[in-house]
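# Residue-level structural notes
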Amino acid sequence: LRASAPPQPLPPPPGGGPGLLATVRARRSRRNFMAGGLDLPSLSRLLTAALPAPGPCQATVLLGPGGGLPGGAYLHLPQERALALLRASDQRQALAQACLGQLWVGQAALGLVLWADLDLLAERGGPRTYRHAMLAAGRAGQRLYLAATALGLGCCGVGAFYDQEVAAIAGLPPTAQ
């Protein structure tokens, strides 16, 4: 993937918040998103929680306007704690259509597309790397839910979507899945 601008560093995530047990108890899927963007500290906390270190999964972040960064598609760079702009246009409505017309997807301030280059992973680690990538994606999703809950934000996973359409919207390489 090619960035169209230098990476935008993310601030360190703020500390504090409710305890783990209270957060787990409050965790729910929520789809009634309100208009507005995410400030940089909240964005940083969500991404740091979901993907704290490089692993088999990578992430493309789709942001709406009105937050700490302009709306667009960004590649998450966990080692650099930064986001690299891929496309400077709001892709959330296209993502909602690619998610079988689930319009609430287009209202979310953040869309996180988790993906892996399975050919590269299999070349490096063998055929079981697909399983490792799926487990890593599941863990990232659950950590994102908990971080959103701790911040008082809504979160909802999407499991129904058209693979090729989402890949095009997120600007994924041809070998990504």
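Structure's up top.
Scope of this entry: the structure provided in the associated data block. As the structure is a prediction and not an experimental result, all values here were calculated from the model.

## Re the overall build of the chain
When helices and strands are counted, the chain shows six helices and five strands. Going from the N terminus to the C terminus, the chain shows its helices and strands as β-α-α-β-β-β-α-β-α-α-α. Split into buried and exposed, the 177 residues of the chain put 39% on the buried side. For the chain, long-range pairs separated by at least 24 residues make up 75% of all intrachain contacts whose partners lie at least 6 apart in sequence. Approximately 9,500 Å² of the chain is accessible, and the part contributed by carbon and sulfur atoms is 57%.

## Section: the nonpolar core
Formed by 43 residues in total, the largest nonpolar core has its most connected members in L43 and L83. When residues no more than four places from it in sequence are discounted, the contact partners of L83 are P7, Q8, L10, L43, L47, V61, L69, Y74, L75 and H76.

## A word on the sheet that holds strand β5 (residues 110-115)
Judged by pairing direction, the sheet is antiparallel, and its five strands sit side by side in the order β1-β4-β3-β2-β5 without closing on themselves. With one partner strand each, in any of the chains shown, β1 (8-9) and β5 form the two edges of the open sheet. Where strand β2 (residues 58-63) lies against β5, six bridges are found, and the strand directions are antiparallel. The residue of β5 that forms the bridge with L63 is L110. Contacting β2, β3 (72-77), β4 (82-87) and β5, helix α2 (residues 40-50) runs over the sheet at an angle of about 25 degrees to β5.

## Here we look at the pairing of β2
Regular strands place their side chains on alternate faces of the sheet. The element β2 is largely enclosed, with a buried count of five among its six residues. In this sheet, β3 lies alongside β2 in antiparallel orientation, the contact comprising four bridges. What sits directly across from L63, in β3, is G72.

## Brief notes about the packing of α2 against helix α5 (residues 129-150)
As a packed pair, α2 and α5 sit with axes 7 Å apart at the nearest point and diverge in direction by 145 degrees. Here the hand of the crossing between α2 and α5 comes out right-handed. The residues of α5 that touch α2, namely those facing R45, L46, A49 and A50, are A140, R143, L144, A147 and A148. Among the residues making up the contact of α2 with α5, the classes are represented as seven nonpolar, no polar and two charged.

## Considerations on unusual backbone geometry
Only a minority of non-glycine residues have a phi that is not negative, and only a minority of peptide bonds are not trans. Even without a glycine there, the phi angle at R81 is positive, about 50 degrees. For L100, which is not glycine, the phi dihedral falls at a positive 60 degrees. The topology assignment puts L100 in the loop between α3 (92-98) and β5.

The rules behind the values
Residues numbered from 1 in each chain as written. Predicted model: local features only at pLDDT ≥ 70, side-chain atom pairs only at ≥ 80, totals over all residues. Heavy atoms only, no water. Helix = DSSP H or I, 4+ residues; strand = E, 2+ residues; numbered from the N terminus. Buried < 20%, exposed > 50% of the residue type's maximum accessible area, 1.4 Å probe, protein only. Contact = heavy atoms within 4.5 Å. Areas by Shrake-Rupley, 256 points an atom, 1.4 Å probe, with all protein chains shown as cover. Core = buried A, V, L, I, M, F, W, Y, C linked by side-chain atoms within 4.5 Å. Pairing = 2+ DSSP bridges. Axes fitted to C-alpha atoms, helices over the stretch in contact; angles between N-to-C directions. Left-handed = near helix turned anticlockwise from the far one by under 90°. Nonpolar A, V, L, I, M, F, W, Y, C, P; charged D, E, K, R; others polar.

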